Amino acid sequence: MDLPAQYTQQYQWRDWPRAYAVLPNLNGKRVLDLGCAIGDQSRDFAEQGAWVTGMDQNPDLLAIARRRAIPRARFIQGDLSQLGGLQKASFDLIWSSFTLAYLTDQAAHIADWQHYLKPGGYLCLIEVADLLAHAPLPEHWRAEVLVFYRRAGAAKRYDFMAGEHLGESVNASGLRLRHQQTLPDRELAFDGAAPAAVYEAWRLRLARMPALVKDLGTAFVEDFLATLRAPTHRSDSRVHLVLAQR
Ligand SMILES: C[S@@+](CC[C@H](N)C(=O)[O-])C[C@H]1O[C@@H](n2cnc3c(N)ncnc32)[C@H](O)[C@@H]1O
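Since we're looking at a predicted model, the values are computed, not measured.

Draft legend 1. Quick peek at the overall build of the chain. Scanning the chain for helices and strands turns up 9 helices and 9 strands. Taken over the C-alpha trace, the chain has a radius of gyration of 18 Å; the compact-globule value for 246 residues is 18 Å, and the two agree within 12%. Oriented by its inertia axes, the alpha-carbon framework of the chain measures out at about 50 × 40 × 30 Å. Considering the chain as a whole, with its 246 residues, one finds that 37% of them fall into the buried category. Pairs at least 24 residues apart make up 74% of the contacts formed inside the chain by residues separated by at least 6 positions.

As structure tokens, then:
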């Protein structure tokens, strides 16, 4: 299964209705979807009447988003650490789900992104915290997982605790924090044995993380997948949402 197909499948496991419920009415509003991938959330906003700009750095994902010919949505290629080509103070909502963690210096990016909001405009962010915190993983892995997280952050690859600092980063940016909550997620934060499709999605996710295999070895991957299958499985990872206003 290629990456676009994996993203298509993941959509069903996130609680998008609960996330969208915190947003203002988007009818006729301008929305910037940062890290839009194949355009699933852009489509949802456009269906609510918004004029959407989706931005991503991956041309293959953008090609799929464009082929969908979503009314009122356009898709542009760009690096989220340099929004320079966009007009400042022009969006009613900036949305970014499961993307900011790739940029690692989240407070600096939020501080930059807010300039693209109209006064009174909203920023909505969704990120995971502690992706690999699942029980009953053998206890000895925890210390190694934390070292792996630290290395990923130091190498500016991925911030595995991104979800946990969203509120703090928003406050530091000068935006007003309006709402924060955790979201249920049937792939990233669930209890009980993983259904076959979720298990397979995790297997593919771990295969997309070569640094994990290099640092922790295939023994970790095997133990982690076995943990997901255990009837006593429990996720301690959480999906966090924050909504802030300029
Ligand atoms: C995990 S996907 C999230 C997709 C979608 N927002 C969702 O919630 O399902 C992360 C997306 O961020 C994009 N991305 C990561 N780093 C980026 C960067 N520096 N600039 C632009 N896009 C980036 C990736 O190409 C990918 O499409």
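Next comes the rest of the description.
Draft legend 2. Focus on the packing of helix H6 (residues 141-154) against helix H9 (residues 210-229). The contact between H6 and H9 brings their axes to 10 Å, and the two run at 150 degrees. One way to sum up the angle between H6 and H9 is to call them roughly antiparallel. Judged by the twist between their axes, the crossing of H6 over H9 is left-handed. Only Ala 211, Leu 212, Asp 215, Leu 216, Phe 220 and Asp 223 of H9 make contact with H6, whose side of the interface consists of Trp 141, Glu 144, Phe 148, Arg 151 and Ala 152. A class-by-class count of the residues in the contact of H6 with H9 yields 7 nonpolar, no polar and 4 charged.

Draft legend 3. Spatial organisation of the pairing of strand E2 (residues 51-56). Across the 6 residues of E2, 5 count as buried, placing the element largely inside the fold. Summarising the sheet, strand E1 (residues 30-34) and E2 pair through 5 bridges and their orientation is parallel. For Arg 30, the partnering residue across the bridge sits in E2 and is Trp 51. For the handedness criterion, the β-α-β arrangement of E1, helix H3 (residues 40-47) and E2 is classed as right-handed. With 5 bridges connecting them, E2 and strand E3 (residues 73-77) associate as parallel partners. Bridge pairing in E3 places Asp 56 opposite Gln 77. Where the polypeptide runs from E2 across helix H4 (residues 59-67) and back to E3, its parallel neighbour, the crossover connection is right-handed.

Draft legend 4. Structural detail: the sheet that holds E3. Strand order in the open sheet formed by 7 strands is E3-E2-E1-E4-E5-E9-E7, with mixed pairing between adjacent strands. Whereas interior strands pair on both sides, the edge strands pair on one side only; in this sheet they are E3 and strand E7 (176-183). Neighbour to neighbour, the strand axes of the sheet diverge by 15 degrees on average, direction disregarded. Pairing of strand E4 (residues 91-97) with strand E5 (residues 117-129), which is carried by 6 bridges, proceeds in the parallel orientation.

Draft legend 5. Looking closely at the nonpolar core. Grouped together as the largest cluster of nonpolar side chains are 61 residues, with contacts concentrated most on Val 31, Leu 93, Ile 94, Leu 123 and Cys 124. Per-element tally for this core: the top contributor is E5, with 8 residues. Apart from the residues lying within four places of it in its own chain, the contact partners of Val 31 are Leu 26, Phe 45, Ala 50, Val 52, Phe 91, Asp 92, Leu 93 and Trp 95.

Draft legend 6. Quick look at the environment of Ala 162. Counting through the fold element by element, Ala 162 comes out in the loop between H6 and helix H7 (166-173). C-beta crowding within 10 Å serves as the criterion here: with 26 such atoms nearby, Ala 162 is assigned to the buried category. Spatially, the C-alpha atoms of Ala 162 and Val 128 are 6.3 Å apart, while their sequence positions differ by 34 residues. For Ala 162, the residues in contact, after removing those within four places along its chain, are Leu 100, Ala 101, Gln 106, Glu 127, Val 128 and Ala 129.

Basis of the calculations
Residues numbered from 1 in each chain as written. Predicted model: local features only at pLDDT ≥ 70, side-chain atom pairs only at ≥ 80, totals over all residues. Helix = DSSP H or I, 4+ residues; strand = E, 2+ residues; numbered from the N terminus. Rg over C-alpha atoms; globule rule 2.2 N^0.38 Å. Buried ≥ 20, exposed ≤ 12 C-beta atoms within 10 Å, placed from the backbone. Contact = placed C-beta atoms within 7 Å. Axes fitted to C-alpha atoms, helices over the stretch in contact; angles between N-to-C directions. Parallel < 35°, antiparallel > 145°, perpendicular 65-115°, else oblique. Left-handed = near helix turned anticlockwise from the far one by under 90°. Nonpolar A, V, L, I, M, F, W, Y, C, P; charged D, E, K, R; others polar. Pairing = 2+ DSSP bridges. Right-handed = clockwise from strand over helix to strand, strands pointing away. Core = buried A, V, L, I, M, F, W, Y, C linked by C-beta atoms within 7 Å.

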